[in-house]
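A structural walkthrough
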Amino acid sequence: MTEPGPVAWPPAPMRTERLVLRESEARDRAAFIELFASPEVSTYLGGPRPRHELGRTLPEVPGRRPGLFVVDLDGAVIGTIELNRRDAERRSHVRPDAGEAELGYLFLPEAWGRGYAAEACAAALGWFADALPGEPVALCTQTANDRAMRLAAKLGFTEVQRFEAWGAEQWFGVWSSLGVA
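In this report, the structure presented in the accompanying data block is examined. Remember, it's a predicted structure, so these values are computed and weren't measured experimentally.

1. Thoughts on the pattern of salt bridges
According to the stated counting rule, one finds 12 salt bridges in the structure shown. Two residues, Arg 65 and Glu 82, come together in a salt bridge whose shortest N-O distance is 2.9 Å. You can see Arg 65 sitting in the loop between helix 2 (51–57) and strand 3 (68–73) and its partner Glu 82 sitting in strand 4 (residues 76–85), a full 17 residues away along the chain. Judged by relative accessible area, Arg 65 falls into the partly exposed class, the value being 36%. Residues participating in the shared-partner salt-bridge network are Arg 22, Glu 25, Arg 27, Asp 28 and Asp 72.

If you want it as structure tokens, here you go:
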């Protein structure tokens, strides 16, 4: 994946009603390990990674790159949101030349079911719409991931297609600040 586009990075921390979206810091490393090692979080992402491997390979400041926001609740990391350019080699695209932005997110299980993902993703999409007006944003998830499917609908993503990949049916949708993709 590549950075989201010609935007100043990092942006100032974004505050929502309950959350702060910000650039990652060294103090976030333990939360990144929890996210990547969690069997629940990685159910639809190929499975968890071993903690010992993560402890050895994760950088001191994980996730510090354009397009990645840490989601902070009262000083604790509960998840991450990414807006990156979709690789041309990936299946399904909104544009004929590919390169559209793609929304990705991970949240710790204890943060599930409280609306944090919707709140944080809406803020990130709002930032993206302000930074790159009219640019579409793609989202791809397994149709078996009920939570992700509900969030895509809540955020206003529209289905473009479904396809088989990685041994499961995938859902590919698009969002646009203009309301039309």
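2. Some details on the packing of helix 3 (residues 116–131) against helix 4 (residues 146–155)
At a minimum axis distance of 10 Å, the contact between helix 3 and helix 4 shows a crossing angle of 45°. In terms of axis orientation, helix 3 runs oblique to helix 4. Seen from above, helix 3 lies across helix 4 with right-handed handedness. Along its contact with helix 3, which presents Ala 117, Ala 118, Cys 121, Ala 122 and Leu 125, the element helix 4 presents Leu 151, Lys 154 and Leu 155. Of the residues assigned to the contact of helix 3 with helix 4, the class counts are seven nonpolar, no polar and one charged.

3. Quick look at the sheet that holds strand 2 (residues 20–22)
In a beta sheet, neighbouring strands are held together by backbone hydrogen bonds and run either parallel or antiparallel to one another. As summarised here, the arrangement of the eight strands in space is 1-2-3-4-5-6-8-7, forming an open sheet in which the pairing is mixed. Of all the strands in the sheet, just strand 1 (14–15) and strand 7 (158–165) have a single pairing partner and so form its edges. In terms of strand pairing, strand 6 (residues 137–142) meets strand 8 (residues 168–175) through six bridges, oriented antiparallel. The partner of Ala 138 across the bridge, within strand 8, is Val 174. The strands that helix 1 (residues 29–37) touches are strand 3, strand 4 and strand 5 (101–107); relative to strand 4, the one it contacts most, it runs at about 70°.

4. A word on the nonpolar core
Membership of the largest hydrophobic core comes to 35 residues, with the highest contact counts inside it found for Leu 21, Ile 81, Leu 103, Val 137 and Phe 157. Those elements that place two or more of their residues in this core are strand 3, strand 4, strand 5, helix 3, strand 6, helix 4 and strand 8. The greatest single-element share of this core, amounting to 11 residues, is contributed by helix 3. Discounting residues that sit within four places of it in the chain, Val 137 has contacts with Leu 83, Ala 101, Glu 102, Leu 103, Leu 125, Phe 128, Phe 157, Gly 173, Val 174 and Trp 175. In terms of nonpolar packing, the next biggest core, distinct from the first, is built from nine residues, Ala 37, Leu 58, Val 70 and Val 77 among them.

5. Structural notes on the environment of Gly 173
Note on placement: Gly 173 falls in strand 8. For the pair Gly 173 and Glu 102, spaced 71 residues apart in the sequence, the C-alpha separation amounts to 9.7 Å.

6. A short note on the packing of aromatic side chains
Inspection of every chain in the model, using the stated rule, returns five aromatic pairs. When the centroid spacing of 5.0 Å and the interplanar angle of 65° are considered together, the rings of Trp 9 and Phe 69 count as edge-to-face. You can see Trp 9 sitting in the segment before strand 1 and its partner Phe 69 sitting in strand 3, a full 60 residues away along the chain. Following the ring pairs from residue to residue traces out a cluster consisting of Trp 9, Phe 69 and Trp 127.

What counts and how
- Residues numbered from 1 in each chain as written.
- Predicted model: local features only at pLDDT ≥ 70, side-chain atom pairs only at ≥ 80, totals over all residues.
- Heavy atoms only, no water.
- Salt bridge = Lys/Arg side-chain N within 4 Å of Asp/Glu carboxyl O.
- Helix = DSSP H or I, 4+ residues; strand = E, 2+ residues; numbered from the N terminus.
- Buried < 20%, exposed > 50% of the residue type's maximum accessible area, 1.4 Å probe, protein only.
- Axes fitted to C-alpha atoms, helices over the stretch in contact; angles between N-to-C directions.
- Parallel < 35°, antiparallel > 145°, perpendicular 65-115°, else oblique.
- Left-handed = near helix turned anticlockwise from the far one by under 90°.
- Contact = heavy atoms within 4.5 Å.
- Nonpolar A, V, L, I, M, F, W, Y, C, P; charged D, E, K, R; others polar.
- Pairing = 2+ DSSP bridges.
- Core = buried A, V, L, I, M, F, W, Y, C linked by side-chain atoms within 4.5 Å.
- Phe/Tyr/Trp six-rings, centres within 6.5 Å; stacked < 30°, edge-to-face > 60°.

Spatial relationships are all this shows, so hold off on functional conclusions.
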